[in-house]
Amino acid sequence: MIWNIIDKRERPYRWQKVNAIVEAVEHDNSCADADQAPESDPMLTVDCACLEAVSVQEAVVWASGQRCPVTLFLYDEGRGLANEEHFNNVANRFAEEGEVANDR
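From a predicted model like this one, the values you see are computed outputs, not experimental measurements.

Some words on the overall build of the protein
Then step 1. Along the protein, the regular secondary structure elements total two helices and four strands.
Then step 2. Listing each helix as α and each strand as β along the protein from the N terminus yields β-β-β-α-β-α.
Then step 3. Every one of the 104 residues in the protein was classed for burial, and the buried ones make up 38%.
Then step 4. In the protein, 73% of the contacts between residues at least 6 apart in sequence involve partners at least 24 apart.
Then step 5. Accessible surface, the protein: about 6700 Å² in total, of which carbon and sulfur atoms supply 49%.

Below you can see the structure in the form of structure tokens.
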């Protein structure tokens, strides 16, 4: 089920083909000013799953059917998955000790 959507598209009016990534929404707990999600059962947690070249509607249906609450990340087609772009974009959620995490 989708609890949050982060739209990383540079072309937000392109909806026919996008890349979609889901992660358990609890991964966002370390972001500054984030709502705090309860931890999912480890057997149900979706650490990361992705679909390439799907419509926004297909991405939403797919993300809605996940086995735990997720954040759906949307990227332009050809983005997000190559060269670990998504992981580089969200890596700063996890602050170093004594620092504040953010989602930028």
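Now that the structure has been shown, the text picks up again.
Let's talk about the confidence of the model for the protein
Then step 1. Within the protein, residue pLDDT values average 86, and 80% of them lie at 70 or more.
Then step 2. Of all helices and strands in the protein, the one with the weakest mean pLDDT is helix H2 (residues 85–90) (66), whereas helix H1 (residues 56–64) scores best (98).
Then step 3. Low pLDDT, under 50, characterises residues 100–104; the predicted model gives this stretch 17 contacts beyond four residues in sequence or across chains.

Regarding the sheet that holds strand E4 (residues 70–76)
Then step 1. Sheet architecture is open: four strands sit in the order E1-E4-E2-E3, paired in mixed fashion. For this open sheet the edge positions go to strand E1 (2–7) and strand E3 (49–54), each flanked by a neighbour on one side alone. Looking at each pair of strands side by side, their axes are set apart by 20° on average, direction ignored.
Then step 2. As judged from the five bridges shared by E1 and E4, these two strands associate in the parallel manner. Bridge pairing links Ile2 to Val70 in E4.

Section: the pattern of salt bridges
Then step 1. Per the stated rule, a full pass over the model turns up two salt bridges.
Then step 2. The salt bridge involving Asp7 is made with Arg9; its shortest N-O contact spans 2.6 Å.
Then step 3. A residue is classified by how much of its surface remains accessible, and Asp7, at 38% relative accessible area, is partly exposed.
Then step 4. Across the pair Glu10 and Arg79 runs a salt bridge whose closest N-O atoms are separated by 3.0 Å. With a gap of 69 residues between them, Glu10 in the loop between E1 and strand E2 (18–24) and Arg79 in the loop between E4 and H2 connect regions that are remote in the sequence.

Reading guide: rules and limits
The residue numbers shown here count from 1 along each chain, following its written sequence. Local features are withheld for residues below a pLDDT of 70 in this predicted model, meaning they are given only at 70 or higher, and side-chain atom pairs are given and counted only at 80 or more; totals for whole chains, interfaces and linings count all residues. Note that water and hydrogens are dropped before the side-chain values are worked out from all heavy atoms of the structure. Elements are defined by DSSP. Helices are runs of H or I of four residues or more, strands are runs of E of two residues or more, and each kind is numbered from the N terminus. For every residue, the accessible area obtained with a 1.4 Å probe (protein chains only) is divided by the maximum for its type, and the residue is called buried under 20%, exposed over 50%, and partly exposed between those limits. The contact rule is simple, with two residues in contact once any of their heavy atoms fall within 4.5 Å. All accessible areas in this document rest on Shrake-Rupley with a 1.4 Å probe, and a residue is counted as covered only by the protein chains that are shown. The predictor attaches a confidence to each residue, and that confidence, scored 0 to 100, is pLDDT. When DSSP finds two or more bridges between a pair of strands, those strands are recorded as paired. In this description, a line fitted to the C-alpha atoms serves as the axis of each element, helices being fitted only across the stretch in contact, and the angle between N-to-C directions of two axes falls anywhere from 0 to 180 degrees. What counts as a salt bridge is simple: a side-chain nitrogen of Lys or Arg found within 4 Å of a carboxyl oxygen of Asp or Glu.

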